[in-house]
Amino acid sequence: MNRPPELLLRFSRAERWVHRATAALMLTCLATAACLYLAPLAELVGRRRLVVTVHVWCGLALPVPLLLGLAFRAVRADVSRLSRFHPVDWAWLRAVRARAAYRPAGKFNAGQKLYAQWTLGAMAVILGTGLLMWLTHLAPPAWRTGATFVHDWLAAAVAVVTAGHVRMALRDPEARRGMRTGLVDRRWAEREHPLWAEREHPLWPNASPAGAEEAVPVTEDGRPS
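Thresholds, definitions, all that
Residues numbered from 1 in each chain as written. Predicted model: local features only at pLDDT ≥ 70, side-chain atom pairs only at ≥ 80, totals over all residues. Heavy atoms only, no water. Axes fitted to C-alpha atoms, helices over the stretch in contact; angles between N-to-C directions. Helix = DSSP H or I, 4+ residues; strand = E, 2+ residues; numbered from the N terminus. Parallel < 35°, antiparallel > 145°, perpendicular 65-115°, else oblique. Left-handed = near helix turned anticlockwise from the far one by under 90°. Contact = heavy atoms within 4.5 Å. Nonpolar A, V, L, I, M, F, W, Y, C, P; charged D, E, K, R; others polar. Phe/Tyr/Trp six-rings, centres within 6.5 Å; stacked < 30°, edge-to-face > 60°. Lys NZ or Arg CZ within 6 Å of the ring centre and 35° of its normal. Salt bridge = Lys/Arg side-chain N within 4 Å of Asp/Glu carboxyl O. pLDDT = per-residue confidence, 0-100.

Further remarks concern the packing of helix H3 (residues 48-61) against helix H7 (residues 110-134). Where H3 contacts H7, the two axes come as close as 10 Å, and the packing angle between them is 140 degrees. Judged by the angle between their axes, H3 and H7 are oblique. By crossing handedness, the relation of H3 to H7 is classed as left-handed. Of H7, the residues touching H3 (which contributes Val56, Trp57, Gly59 and Leu60) are Leu127, Leu131 and Trp134. Broken down by class, the residue content of the contact of H3 with H7 amounts to six nonpolar, one polar and no charged.

All told, the structure shown has four aromatic pairs when counted by the stated rule. The ring centre of Trp196 lies 5.0 Å from the NZ or CZ of Arg10, which sits over that ring. A cation over a ring is seen here: Arg20 above Trp17, with NZ or CZ 5.1 Å from the ring centre.

All right, on to the pattern of salt bridges then. One pass over the full model with this rule turns up nine salt bridges. For Arg81, the salt bridge is made with Asp78, and the minimal N-O distance between the two is 2.7 Å. Note that Arg81 and Asp78 are positioned in helix H5 (residues 73-82) at a spacing of three residues, about one turn of the helix. Put simply, Arg186 and Glu190 hold a salt bridge, and the shortest N to O gap is 3.8 Å. Remark: Glu190 and Arg186 occur in helix H10 (residues 186-192); sequence separation between them is four residues, near one turn of the helix. Ionic contacts of the salt-bridge type, sharing partners, join the residues Glu15, Asp78, Arg81 and Lys107 into one network.

Bringing the confidence of the model for the protein chain into the picture now. Mean pLDDT for the protein chain: 85, with 87% of residues reaching 70 or above. When mean pLDDT is taken per element in the protein chain, helix H4 (residues 64-69) scores highest with 95 and helix H2 (residues 39-45) scores lowest with 79. Of the regions scoring below 50 in pLDDT, residues 208-225 engages in 35 contacts with residues more than four places distant in sequence or in other chains.

With that settled, consider the environment of Leu62. On the secondary structure map, Leu62 appears in the loop between H3 and H4. Taking the C-alpha atoms as reference points, Leu62 and Leu120, separated by 58 residues in sequence, lie 10.0 Å from one another. Apart from residues no more than four positions distant in its own chain, Leu62 is found in contact with Thr22, Leu25, Met26, Cys29 and Met123.

See the structure below:
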């Protein structure tokens with residue numbers, strides 16, 4: 001009889017909801033932007049005023065899930081992990097460049113950290129330029145023209161990067177399960193995030209993340225944060 005796989009708690013309920021809510025708002029912003037700027041979609045959807053309203057309010061709400069999530073210890077711990085680079089992250093980048101089989105990584109690898117940092121920065125710039133475009137009295141016309149240029153091209157870049165993120169997620173069903181249920185197979189974790197997996201205690205099959213929402217956060221080298 002085969003031994004059932006060991007499961008590790010990767011994401012708490014709060015972390016999963018922050019990700020889902022932010023993703024929903026971001027995708028809505030991108031979809032409504034496409035309907036505003038692409039003529040075929042604009043003609044198909046119509047109701048431009050409604051589309052503009054949905055776009056504006058979803059854009060204003062983009063930072064809200066993360067800000068609310070900061071009330072939870074697990075979310076704060078992940079924000080801390082994603083915002084800091086360690087020697088192991090540079091080692092991961094070198095391993096990727098060399099196409100090495102073993103790529104050392106903590107809970108998040110260097111690629112995930114760069115993506116998270118870039119996305120947060122892009123959200124801040126898009127929100128700021130969007131406010132200048134929406135509240136016309138905040139700045140002179142030349143500023144609004146520049147804000148429109150930055151807003152539009154950065155939105156296009158966000159769409160490309162988001163498409164890449166979705167593509168990578170579609171290629172990794174275990175990563176998707178981790179974000180959907182909070183649990184991942186230890187074997188996957190040992191392959192993709194070995195430094196994180198070696199210090200996590202397993203949960204058995206059919207285990208629930210309930211009750212483990214507030215695990216003690218640690219740094220990439222295993223020390224309590």
